[in-house]
Amino acid sequence: EGIDGMAEFFMSLQVWGTPEQCYEKVKDIHARTDCCGFTGVFSYAGMGEKMARDNLSLFAREVMPELKKLGHSPAFDREIDGPPAFMRNDSKAA
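This section reports on the structure supplied with the text.

Thresholds applied
Residues numbered from 1 in each chain as written. Predicted model: local features only at pLDDT ≥ 70, side-chain atom pairs only at ≥ 80, totals over all residues. Heavy atoms only, no water. Helix = DSSP H or I, 4+ residues; strand = E, 2+ residues; numbered from the N terminus. Expected span 1.5 Å × (residues − 1). Buried < 20%, exposed > 50% of the residue type's maximum accessible area, 1.4 Å probe, protein only. Arc of directions from axis to C-beta. Contact = heavy atoms within 4.5 Å. Core = buried A, V, L, I, M, F, W, Y, C linked by side-chain atoms within 4.5 Å. Bend = angle between axes of the 7 residues up to and from the residue.

**Structural notes on helix α2 (residues 19-33)**
And then number 1: If you check α2, its first and last C-alpha atoms are 21 Å apart, about what 15 residues at 1.5 Å a residue would give, namely 21 Å.
And then number 2: Along α2, the positions that sit buried rather than exposed are Pro 19, Cys 22, Tyr 23, Val 26 and Ile 29. Down the axis of α2, the sector holding all buried residues measures 125°, keeping them to one side. Among the exposed residues of α2, those oriented more than 90 degrees off its buried face are Glu 20 and Ala 31.
And then number 3: The inward-facing, buried residues of α2 abut α3 (49-68).
And then number 4: Where α2 ends, the next residue or the one after it, Asp 34, has phi of about 55°, a positive value.

Below is the structure:
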């Protein structure tokens, strides 16, 4: 556990692989962290611009349409009864 466990958890949150694997990974990360967004990184450590653009294009073409089928705005990201708690005037700062 400790630092090694933290590093392993961090690495398990990275999205890479085939389009199908990336789709499943994004869904898995949401299930594990209850996140309300995804930020893709398509260029790593000296990767050439063409390869990075190809990565981004493949994700946009193959993965995004599937993610969009999950819904425009997930239920966990909606405030039906007003602004989020942290934006309300009656919120108390810690």
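**Topic: unusual backbone geometry**
And then number 1: In this structure, Ala 45 is a non-glycine residue whose phi angle is positive, near 30°.
And then number 2: On the secondary structure map, Ala 45 appears in the loop between α2 and α3.
And then number 3: Relative accessible area serves as the criterion here: at 85%, Ala 45 is assigned to the exposed category.

**So, the nonpolar core**
Grouped burial of nonpolar side chains is what soluble globular proteins tend to show.
And then number 1: Core analysis: the biggest nonpolar cluster contains 8 residues, these being Val 15, Cys 22, Tyr 23, Val 26, Ile 29, Phe 59, Val 63 and Leu 67.
And then number 2: Breaking this core down by element, the ones donating at least two residues are α2 and α3.
And then number 3: Sort the elements by how many residues they give to this core and α2 lands first, with 4 residues.
And then number 4: Not counting the four nearest positions on each side in its chain, Val 63 is found in contact with Pro 19, Cys 22, Tyr 23 and Leu 58.

**Overview of α3**
And then number 1: Taking 1.5 Å per residue, 20 residues should reach 28 Å; α3 reaches 27 Å between its end C-alpha atoms and fits that length.
And then number 2: In the structure, α3 departs most strongly from a straight axis at Ala 60, where the bend amounts to approximately 35°.
And then number 3: Along α3, the positions that sit buried rather than exposed are Ala 52, Phe 59, Val 63 and Leu 67.
And then number 4: Tucked into the core, α3 has its buried residues touching α2.

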